[in-house]
Structure formats: C-alpha cells, structure tokens
Amino acid sequence: MEEFEASASAKKTKAIYISTVFGIAMVLLMIGLLGLILVHANNLSRYVKENIVLNIFMDDSAHETDVLQLQKQLDANPMVKQTQYVSKELAARNLQKDLGEDFVKFLGYNPLSQSLDIYLKADYANNAGIEKFKNDLLKNKLVKEVKYQQSLVDQMNANLTSISLIILGFAGIFIILSVALINNTIRLAIYSQRFLIKSMQLVGATKGFIRKPFLLYGIWHGLLGALIAVVILIGTLFLANKQIPDLVILQSPAEFGMVFLGIVILGIFISAFSTFLAVNKFLRLKIYDLYR
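Because the structure is a prediction, the values reported are computed rather than measured.

Criteria and cut-off values
Residues numbered from 1 in each chain as written. Predicted model: local features only at pLDDT ≥ 70, side-chain atom pairs only at ≥ 80, totals over all residues. Heavy atoms only, no water. Helix = DSSP H or I, 4+ residues; strand = E, 2+ residues; numbered from the N terminus. Buried < 20%, exposed > 50% of the residue type's maximum accessible area, 1.4 Å probe, protein only. Areas by Shrake-Rupley, 256 points an atom, 1.4 Å probe, with all protein chains shown as cover. Salt bridge = Lys/Arg side-chain N within 4 Å of Asp/Glu carboxyl O. Phe/Tyr/Trp six-rings, centres within 6.5 Å; stacked < 30°, edge-to-face > 60°. Pairing = 2+ DSSP bridges. Axes fitted to C-alpha atoms, helices over the stretch in contact; angles between N-to-C directions. Contact = heavy atoms within 4.5 Å.

(A) The arrangement of the overall build of the protein chain in detail. Scanning the protein chain from terminus to terminus reveals nine helices and four strands. When the helices and strands of the protein chain are listed from N to C terminus, the series reads α-β-α-β-α-α-β-α-β-α-α-α-α. Each of the 292 residues in the protein chain was classed as buried or not, and the buried ones make up 37%. As displayed, the protein chain has an accessible area near 17,900 Å², and 64% of this comes from carbon and sulfur atoms.

(B) Seen up close, the pattern of salt bridges. Scanning all chains against the criterion turns up five salt bridges. The salt bridge partner of Asp136 is Lys132, with a shortest N-O separation of 3.5 Å. Taken as a pair, Asp136 and Lys132 lie in helix H5 (residues 127–138) at a separation of four residues, close to a single helical turn. The salt bridge involving Lys139 is made with Asp136; its shortest N-O contact spans 3.9 Å. According to the relative accessible area criterion, Asp136 is partly exposed, its value standing at 40%. One salt-bridge network, held together by shared partners, links Arg46, Glu50 and Lys81.

(C) Structural view of the packing of aromatic side chains. This model, assessed by the stated rule, comprises one aromatic pair. Geometrically, the ring pair formed by Phe269 and Phe273 is stacked, given 5.8 Å between the ring centres and 5° between the ring planes. Remark: Phe273 and Phe269 occur in helix H9 (residues 253–284); sequence separation between them is four residues, near one turn of the helix. Residue classification places Phe269 among the exposed residues on the basis of a relative accessible area of 54%. On the basis of relative accessible area, Phe273 is assigned to the partly exposed category, the value being 43%.

(D) Just the sheet that holds strand E4 (residues 143–147), in detail. As summarised here, the arrangement of the four strands in space is E2-E3-E1-E4, forming an open sheet in which the pairing is antiparallel. Whereas interior strands pair on both sides, the edge strands pair on one side only; in this sheet they are strand E2 (80–86) and E4. Put simply, the sheet's adjacent strands are angled 20° from each other on average, direction ignored. With five bridges joining them, strand E1 (residues 53–58) and strand E3 (residues 115–120) adopt antiparallel strand pairing. Considered in E3, the bridge of Phe57 is made with Ser115. Of the strands in this sheet, E1, E2, E3 and E4 touch helix H2 (residues 64–75), which is tilted by about 170° from E2. Each of E1, E2, E3 and E4 touches H5; the most contacted strand, E4, lies at about 165° to it.

Written out as structure tokens, the structure is:
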C-alpha cells in the first residue's frame, strides 16, 4: 500500500513538473514571438529609411570626372549608406523606358543632367538630417539641385514612431503578464510539495538546504521550457520564410541569436526567482496553515 501511494505521488509530482515546463515554454514562446516581431519591425523601419533616395542634379558644366570625385567624397561620409552615379545617357534610357518613346530623337538633344542618387543611413533619414545634408551639398558649385520627397519622409517617420510605441507598449504589458503567469504556475507546482518542505524543516534542515534542490529544479525547468520555446520559434521562422521569401531581407541571425539567448536567460531567471519566492512562502507558513 505504501509503495502504491509513493508511486502514485511520484507520478502526480512528475505530471505537475511536466505541466510546469510546458506552461513556462508556452509563455516564453509568446515572449519570443513578440521579440521576433520587434526585430522584424525595427529592420523594416531601417530598410524603409535606407531606401529613401536623394537625387542630386549636377550643373551642366560639371565634368564626369568631377562628379565621380564628388561621389567618392560622399561615399566616405558617415551619413551615407551608398551612392549611385547616373550619367546623362543612363538617365535618358530610364526616362525612355518610363515614357515608352525616344524623346531624345524627338527633341534632337538630351536635356537631362548628370545626377547622383544618395541613400542615407537609417539614423539620418529624417527631415532634420536630410535638410542639413542638402544644405551642405548645395554649397558645392557642381550641385545644381537636390530633390527628395519631404512629405513622404515626414509621414513615414510619424507612422513608424507611432507603430513602435504601440508595439513597445504591448511588449511591456505582455512581459508583466508573462512573468505573473510563470510565477503562478511555479507556485502551484511548489504548493504540491508544501508538506515535504515543512517536514524537512521540522527535522532540522536549514532553509538553504531545503531551497537548493527546488532552485536547481526551477533552473532546469526554466531551461527546458526556454529550449522548447526556441525550437518552436525556429520552426515558425522556417515556415514563415518558406511562405514569404522576402522576409529574409529583414532578418539578421545575430539579432535572432540575441532573442533566443534572451528567452533562455529570462526563462531561467523567472523560474528560479519564482521558485525562490514560492519556497520561502511555505518555509514561513505555520503547520496549521498548510491545510488551507
């Protein structure tokens, strides 16, 4: 009979710990999904900003060698991501494709100017940064005009700021709720061991001695839950990339590695800390309170 009760108790404890691990895994999975959304949103924001083009039109008297020298100087500018030289001939061919007719043959000459297409780094792709860059360029005698879509830049930055604040707000709320859910899951698991904790305390075991195995289990459960969450997230990414191949341009293995590492650290920390608090609670309880 005693062996049967011990076996039943062991099975019950094992079932509780398995449910705890999967509970932690599901919560960490949701945090991980939110982290991946933040990474993609940030990279999308950077991608959009770095594809804003500034068209720098050169003076008609500018020689190609001088323009190419200016391009080299711009490439060395810390604000600039990349540049592209557009000759008069290339500009004419591009416009002919858009118009569908040979306007050069119709006019008898090519009225277009040489130009440089400039793409700024994301940190400088705002109206303040672009206007400063534009004013510096206009001081150069080779530069006739600098054009960019100012209204588009304003609208883009305003929208990206609003979206980022909304996502961060949800992230903060979700993390708080996730911590509370993991804490409650672990407290329920420790609750089933409250009589064991009190029995060890009654026979003279120190608090540190009692806490140690529970903390080790807590760390192990947090690690297992985190690894399960990471495996599911990797599978989700694989399926997402298969369905939407263009997502690759928004992805960075280093950033994903940081998200996965953060999930593991968060899982271990929350699980260990929650276990510590739960064990301490039952260490402080009186014997008659254990039945409540």
